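# Geometric and topological summary
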Amino acid sequence: MTADMVDADVPDGLRASHADRDRVVEALAAAAGEGRLTHEELDERVAAALAARTLGQLAVLTADLPVEAAAAAAPAAAKDVVRIEQQYASAIRDGRWIVPRRLEIVCAWGNVTLDFSDAVLTHDTLDIDLGLCGGTLRLITRPGMVVDTDSLALYHSKARVRPARGAEVPVVLRVGIGGQISMGKVDVRPPRRWFGK
């Protein structure tokens, strides 16, 4: 297999997530079950999928399989812009939610929590345009996330960014938060540690 077998629509330079690798391994196992791959080819490609760092490296592994297998292995589609608008309410994005390129958040007297612990990253940047009054925007980060609040205007408010714990890892997502907050706060932190864990 060569690099020219990669689908031109795949953003091959973007970092692959655990979910991306899992999808490719499942597609390869299905192809082997149909007799399209030998046991040796399956072992070789599964090892390559688990070691892949980019979407392009994963795309090569299913490029010679039927369209159904390649589609199953493709990363989930992400919207370019998602808008969260609310008053006197709370919104939570957690679990395996798909991170868009841009989030527009308009919130009055409520809270928005974005938990990136298991989020599906299909881009390496996220821009958040924030309009917050009397509430909290909370980002729960994971290793490899960098959050910048320098473009945020604060009025009787505060922004606190706590770095992720643990060893240095490659940057997987850069988040830029802009806009303004009035009588509210932005809290960026890693997941809480509980005693005994």
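A quick note: this is a predicted structure, and the numbers were derived from the prediction, not measured.

## Let's talk about the confidence of the model for the protein chain
Averaged over all residues, the pLDDT of the protein chain is 84; the fraction at 70 or higher stands at 83%. The low-confidence segment residues 1-10 (pLDDT under 50) makes 13 contacts with residues lying over four places distant or belonging to another chain.

## A closer look at the environment of Asp118
Inspection of the secondary structure puts Asp118 in the loop between β5 (111-115) and β6 (120-121). Judged by relative accessible area, Asp118 falls into the partly exposed class, the value being 46%. Through-space distance from the C-alpha of Asp118 to that of Ile98 is 9.5 Å; in sequence the pair is 20 residues apart. Setting aside anything within four residues of it in sequence, one finds Asp118 in contact with Gly95, Arg96 and Arg142.

## Structural notes on helix α2 (residues 39-51)
Over its 13 residues, α2 extends 18 Å from the first C-alpha to the last, a length consistent with the 18 Å expected when each residue adds 1.5 Å. Those residues of α2 not exposed but buried are Leu42, Arg45, Val46 and Ala49. What you see down the axis of α2 is that its buried residues fit within an arc of 105°, all on one side. In α2, the exposed residues that point more than 90 degrees away from the buried face are Glu40, Asp43, Glu44 and Ala51. Buried residues in α2 make contact with α1 (18-33) and α3 (55-62).

## Re the nonpolar core
In terms of nonpolar packing, the biggest core is built from 27 residues, with Leu114, Ile128 and Leu137 touching the most fellow members. Of all the secondary structure elements, the ones that give two or more residues to this core are β4 (102-108), β5, β7 (125-133), β8 (136-140), β9 (145-155), β11 (173-182) and β12 (185-189). Contact partners of Leu114, with chain neighbours within four places excluded, come to Ile84, Arg93, Trp97, Leu103, Ile105, Ile128, Leu137, Arg138, Leu139 and Ile140. Val46, Ala49, Leu55 and Leu61 belong to the second largest nonpolar core, which has 14 residues in total.

## Details of the packing of aromatic side chains
Applying the stated criterion across every chain, the model contains one aromatic pair. Centroid distance Trp97 to Phe116: 5.3 Å. Interplanar angle 55°. Geometry classified as tilted. A residue pair is termed long-range when its members are at least 10 positions apart, and Trp97 in the loop between β2 (90-93) and β3 (98-99) and Phe116 in the loop between β5 and β6 qualify at 19 residues. Take Trp97 and Phe116: they sit in the same class, and that class is buried.

## Side note on the pairing of β5
Of all five residues making up β5, four are buried, and the element is well covered by its neighbours. Direction of pairing for β2 relative to β5: parallel, over a ladder of four bridges. Pairing of Ala91 across the sheet is with Val112, part of β5. With five bridges connecting them, β5 and β8 associate as parallel partners. Within the sheet, the bridge partner assigned to Asp115 lies in β8 and is Ile140.

Thresholds applied
- Residue positions are given per chain, counting from 1 as you read along its sequence in written order.
- The predicted nature of this model means local features are confined to residues of pLDDT at least 70 and side-chain atom pairs, given and counted, to a pLDDT of 80 or more, with totals for whole chains, interfaces and linings taken over all residues.
- Calculation of side-chain values draws on the structure's entire complement of heavy atoms; hydrogens and water are dropped beforehand.
- Every residue carries a pLDDT, the predictor's confidence in it, which falls somewhere between 0 and 100.
- The criterion used for residue contact is that any of the two residues' heavy atoms lie within 4.5 Å.
- The helix count covers DSSP runs of H or I at least four residues long, the strand count covers runs of E at least two residues long, and both are numbered beginning at the N terminus.
- With a 1.4 Å probe rolled over the protein chains alone, any residue whose accessible area is under 20% of its type maximum counts as buried; one over 50% counts as exposed, and the rest are partly exposed.
- The length a helix should cover is 1.5 Å for every residue beyond the first.
- The directions considered for the arc run from the helix axis to the C-beta atoms.
- As used in this record, nonpolar core signifies buried Ala, Val, Leu, Ile, Met, Phe, Trp, Tyr and Cys residues forming a set joined through side-chain atoms within 4.5 Å.
- Working definition: a ring pair exists when centres of Phe, Tyr or Trp rings (six-membered ring for Trp) sit within 6.5 Å. Plane angles under 30 degrees give stacked, over 60 give edge-to-face, the rest tilted.
- Two strands qualify as a pair provided DSSP detects at least 2 bridges between them.

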